[in-house]
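A look at the structure
As a plain string of letters, each chain reads:
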Amino acid sequence: MADTFKFRIDHHGSLVRPPEVIAARAANDPNLRAIEDAAIAEAVRKQRRLSLTVVTDGHFRRAELAGAVLDAVHGFEDGKLTAERSLVADDTAAIAAQTQIPAKATLPSPAWIAARTFRPGGPWASARELGEALALLLRAEIEAVISRGVRLIQIDDHGYGESLYNGGVLSFEDALAVDALAVTVADKPFDVRIGLCPLTRVGDGLDTAAAERLFAAVPVDRWVLPYDTGSPAETELLRAVPSERDVCLGIVDPRVPELEDVGTVMDRMDVVASIRDIEDVAISPSAGFADVAGQPLIGVEDQWRKLIHVETFARMCWGNEL
């Protein structure tokens, strides 16, 4: 029997926001929360119809990925970071109550938030100092999420897409230290997976040595990587992942509505199986469907067709052992 804690059929979390949610937020509608609740319940219902091994709220309560932190945390100006409410733990627990399928929580990484928000001359001596403060706050949120029974947490830091090539706002080594601090959770239950998505595209000129440092320095259980173009760099990145870590490979492109050719994707999965144990692999789209509200990459129906396509590939790879 396959390890049921591998969450084989995954997605990044964000879904195309319904127009009523977009309109209510733009109008500061006092009924926004109720409108979001109804939209989330419908999204969960549709996810239950699939064979997904996790469900999400589609990030319907936030305008963008960073909103999980920026909408709830104050103190960036005076150096006293405090969260006025749960970042994602309460919302994720709420969707868990609607289905027996495990709920997934997604958070932006502290290094990514620090790189976006640090201002010289402010209360923080450096971007790393701000990142470390954010890391402690986010680690507390991860612990809260786990305490609510959530078993899959994804941390997104697409800033590594720059760091693995040309360097970013926060130094690469500082980003590694900050994100490692956030995900180092004491007494983490054995059936909980914490994953990190460092980039959603792999271009030419990948710094393999930097990728190896990333994978070694940040102690997550799973690396969430793009694998939808068939480029040699994607395979090179996969080879750099330590054998004791899971990988979730984004095998379909959420940016285009056309469905991927089955034979082409399965040929790529054959390459994966030649590199590592297929039992330590999960699959998903290679990015979220709408990390920014109101800017979906494809339409709603195409989104669901893509998720069904991922499910089809999972059946072809693992049969009923999902």
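Being a predicted model, the structure only gives us computed values, none of them experimental.

Of all hydrophobic cores here, the largest spans 93 residues; its most connected members are Leu87, Ile194, Phe215, Val218, Trp223, Leu249 and Ile251. If we skip the residues at most four places from it in the chain, Val218 touches Tyr160, Leu176, Asp179, Ala180, Val183, Leu196 and Trp223.

Now for the packing of helix H11 (residues 262-275) against helix H12 (residues 300-318). Interhelical geometry of H11 versus H12 gives an angle of 50 degrees and a closest axis separation of 11 Å. Judged by the inter-axis angle, H11 sits oblique to H12. Seen from above, H11 lies across H12 with right-handed handedness. Contacts from Val262, Val265, Met266 and Met269 in H11 reach His309, Phe313, Met316 and Cys317 in H12. Taken together, the residues of the contact of H11 with H12 break down into seven nonpolar, one polar and no charged.

It is worth spelling out the side chain of Arg8 at this point. The residue Arg8 is located in the segment before helix H1 (19-26) in this model. A polar contact of 3.0 Å, which involves the side chain of Arg8, links it to the backbone oxygen of Val281.

Let's shift gears to helix H5 (residues 110-117). When H5 is considered as a whole, its buried residues turn out to be Pro110, Ala111, Trp112, Ile113 and Ala114. In this structure, the buried residues of H5 make contact with helix H3 (67-70), strand S3 (104-108), helix H6 (127-147), strand S4 (152-156) and helix H8 (172-183).

What follows covers the packing of aromatic side chains. Counted under the stated rule, the structure contains two aromatic pairs. Note that Arg116 overlies the ring of Trp112, its terminal NZ or CZ placed 5.0 Å from the centroid.

Turning next to the pattern of salt bridges. Taken as a whole and assessed by the stated rule, the structure comprises 22 salt bridges. Residues Arg193 and Asp246 are paired through a salt bridge, measuring 2.7 Å at the closest nitrogen-oxygen approach. With Arg193 in strand S5 (residues 193-197) and Asp246 in strand S7 (residues 246-252), the pair connects residues that are 53 residues apart, well separated along the chain. For the pair shown, Arg193 and Asp246 are each scored as buried. With a closest N to O distance of 3.5 Å, Asp253 and Arg201 form a salt bridge.

A separate point is the sheet that holds S3. Ordered by their spatial adjacency, six strands build an open sheet running S3-S4-S5-S6-S7-S8, and the pairing between neighbours is parallel. Two strands in the sheet have a free side with no partner beyond their single neighbour: S3 and strand S8 (281-285). When the angles between neighbouring strand axes are averaged without regard to direction, this sheet yields 25 degrees. Sheet topology note: the S4/S5 ladder contains five bridges and is parallel. Along S5, the bridge assignment pairs Gln154 with Gly195. Where H6 meets the sheet, it contacts S3, S4 and S5, and its direction lies at approximately 175 degrees from that of S3.

Phi is mostly negative for residues that are not glycine, and the peptide bonds are mostly trans. Residue Asn28 is not a glycine yet carries a positive backbone phi of 50 degrees. In this structure, Asp187 is a non-glycine residue whose phi angle is positive, near 55 degrees. Assignment of secondary structure puts Asp187 in the loop between H8 and S5.

What follows concerns H8. Helical geometry: 3.6 residues make up each α-helical turn, so side chains three or four residues apart lie on a common side. Taking 1.5 Å of rise per residue, the 12 residues of H8 would be expected to cover 16 Å, and the 17 Å separating its terminal C-alpha atoms lies within 8% of that figure. What H8 keeps buried is the set Phe172, Ala175, Leu176, Val178, Asp179, Ala180, Ala182 and Val183. As for H8, its buried residues are in contact with H5, H6, S4, helix H7 (160-163), S5 and helix H9 (208-217).

About the criteria used
- Residues numbered from 1 in each chain as written.
- Predicted model: local features only at pLDDT ≥ 70, side-chain atom pairs only at ≥ 80, totals over all residues.
- Heavy atoms only, no water.
- Core = buried A, V, L, I, M, F, W, Y, C linked by side-chain atoms within 4.5 Å.
- Buried < 20%, exposed > 50% of the residue type's maximum accessible area, 1.4 Å probe, protein only.
- Contact = heavy atoms within 4.5 Å.
- Axes fitted to C-alpha atoms, helices over the stretch in contact; angles between N-to-C directions.
- Helix = DSSP H or I, 4+ residues; strand = E, 2+ residues; numbered from the N terminus.
- Parallel < 35°, antiparallel > 145°, perpendicular 65-115°, else oblique.
- Left-handed = near helix turned anticlockwise from the far one by under 90°.
- Nonpolar A, V, L, I, M, F, W, Y, C, P; charged D, E, K, R; others polar.
- Polar contact = N/O pair within 3.5 Å; in protein donor to acceptor, adjacent residues only side chain to side chain.
- Phe/Tyr/Trp six-rings, centres within 6.5 Å; stacked < 30°, edge-to-face > 60°.
- Lys NZ or Arg CZ within 6 Å of the ring centre and 35° of its normal.
- Salt bridge = Lys/Arg side-chain N within 4 Å of Asp/Glu carboxyl O.
- Pairing = 2+ DSSP bridges.
- Expected span 1.5 Å × (residues − 1).

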